[in-house]
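Per-entry structural report
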Amino acid sequence: VPSRYSADVARERYHVSDDLLRVVPEAVDLRPWKEMQAAKRAVLSTAKTVGRPTILSVARQYPRKDTETLLRSMQAVLKTHSDALLIIIGGGPELPRLRKLSRKLDLDRAVIFRGSISADDEVRKAFFDAHVFCLPSRQEGFGIVFLEAMAAGLPIVAVRAGAVPEIVDHEQTGLLVPPGNARALAGALTKLLADQEARARMGSAAARKSRKYDLDVVGRRFL
């Protein structure tokens, strides 16, 4: 199983005995991330300081991903950061409803739905162009998208649910808030958007932590 949370589920719900359980995390191939970071280093440093404060969220849109709470939090974020931008990547059955909700909340100027993107490089570029990554998912057996954010050196805002606290270290690589709490989510996002030094510190810590999830490292652990 990929996390201690998943081990607990296997043990409690499926009655798998401890002697049959091993925790091996998901892995991320860091090579293309390192290559893109090296190629864009000068451009990125400029874009991140002069562009709109950008929050990125990447997920297949199911109810448990709770993008609705992220949209509702943007109303409060915009009161402090009027030019903030939320980019949402990913298709899924919830997408039409979320688009309607965004319009209802009058967020057209602040939210861009990019839908599914098949080109990996294009998705990676979106990570590198953002200032903060946010996914308020209420249930994750692991959450490989958090590794991708870490590989891009992004600070993360997420919730204390499922396996997320095993990956995102509160106040070290990101900020964790209670699930389903738009006010708390907005507070964490506002705090990071306002504090460039904290973003840099957490982003650097996230990039360092991502190395323990590289393919070779996880592969050896699995074997």
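In what follows, the structure referred to is the one given above.
Rules used throughout
Residues numbered from 1 in each chain as written. Predicted model: local features only at pLDDT ≥ 70, side-chain atom pairs only at ≥ 80, totals over all residues. Heavy atoms only, no water. Salt bridge = Lys/Arg side-chain N within 4 Å of Asp/Glu carboxyl O. Helix = DSSP H or I, 4+ residues; strand = E, 2+ residues; numbered from the N terminus. Buried < 20%, exposed > 50% of the residue type's maximum accessible area, 1.4 Å probe, protein only. Core = buried A, V, L, I, M, F, W, Y, C linked by side-chain atoms within 4.5 Å. Pairing = 2+ DSSP bridges.

Describing the pattern of salt bridges
Scanning the entire structure with this criterion turns up 14 salt bridges. Measuring nitrogen to oxygen at the nearest pair gives 2.7 Å for the salt bridge that ties Arg 11 to Asp 8. Here Asp 8 and Arg 11 lie together in helix 1 (residues 4-13), a separation of three residues that amounts to about one turn. A salt bridge links Glu 68 to Arg 97; the nearest nitrogen and oxygen atoms lie 3.0 Å apart. Of this pair, Glu 68 sits in helix 3 (residues 67-80) while Arg 97 sits in helix 4 (residues 95-104), and the two are 29 residues apart along the sequence. Judged by its relative accessible area of 23%, Glu 68 falls in the partly exposed class. Exposure remark for Arg 97: the relative accessible area of 36% places this residue in the partly exposed category. Salt bridges here are not isolated pairs; linked through shared partners, they connect Glu 68, Arg 72, Glu 94 and Arg 97.

With respect to the nonpolar core
Soluble, globular proteins show a tendency: their nonpolar side chains are buried together. Counting residues in hydrophobic clusters, the biggest one holds 35 residues, and the most contacted among them are Leu 56, Phe 127, Phe 133, Phe 146 and Ile 156. Listing elements by their share of this core, those giving two or more residues are helix 2 (31-50), strand 1 (54-58), strand 2 (85-89), helix 5 (120-129), strand 4 (132-135), helix 6 (144-151), strand 5 (156-159) and helix 7 (164-167). Of the residues forming this core, the biggest block, six residues, is contributed by helix 6. Listed in part, the 32 residues of the second largest apolar core include Val 77, Val 111, Ala 161 and Leu 185.

Here's the deal with the pairing of strand 2
By the criterion of burial, strand 2 is predominantly enclosed, with five of the five residues buried. Every second residue of strand 2 is oriented toward a common face, with Leu 85, Ile 87 and Ile 89 on one face and Leu 86 and Ile 88 on the other, all of them buried. By the bridge criterion, five bridges tie strand 1 to strand 2 in an arrangement that is parallel. The residue bridging Val 58 from the neighbouring strand is Ile 89, located in strand 2. As paired strands, strand 2 and strand 3 (residues 111-115) are joined by four bridges and run parallel to one another.

By themselves, these observations are geometric and do not establish any function.
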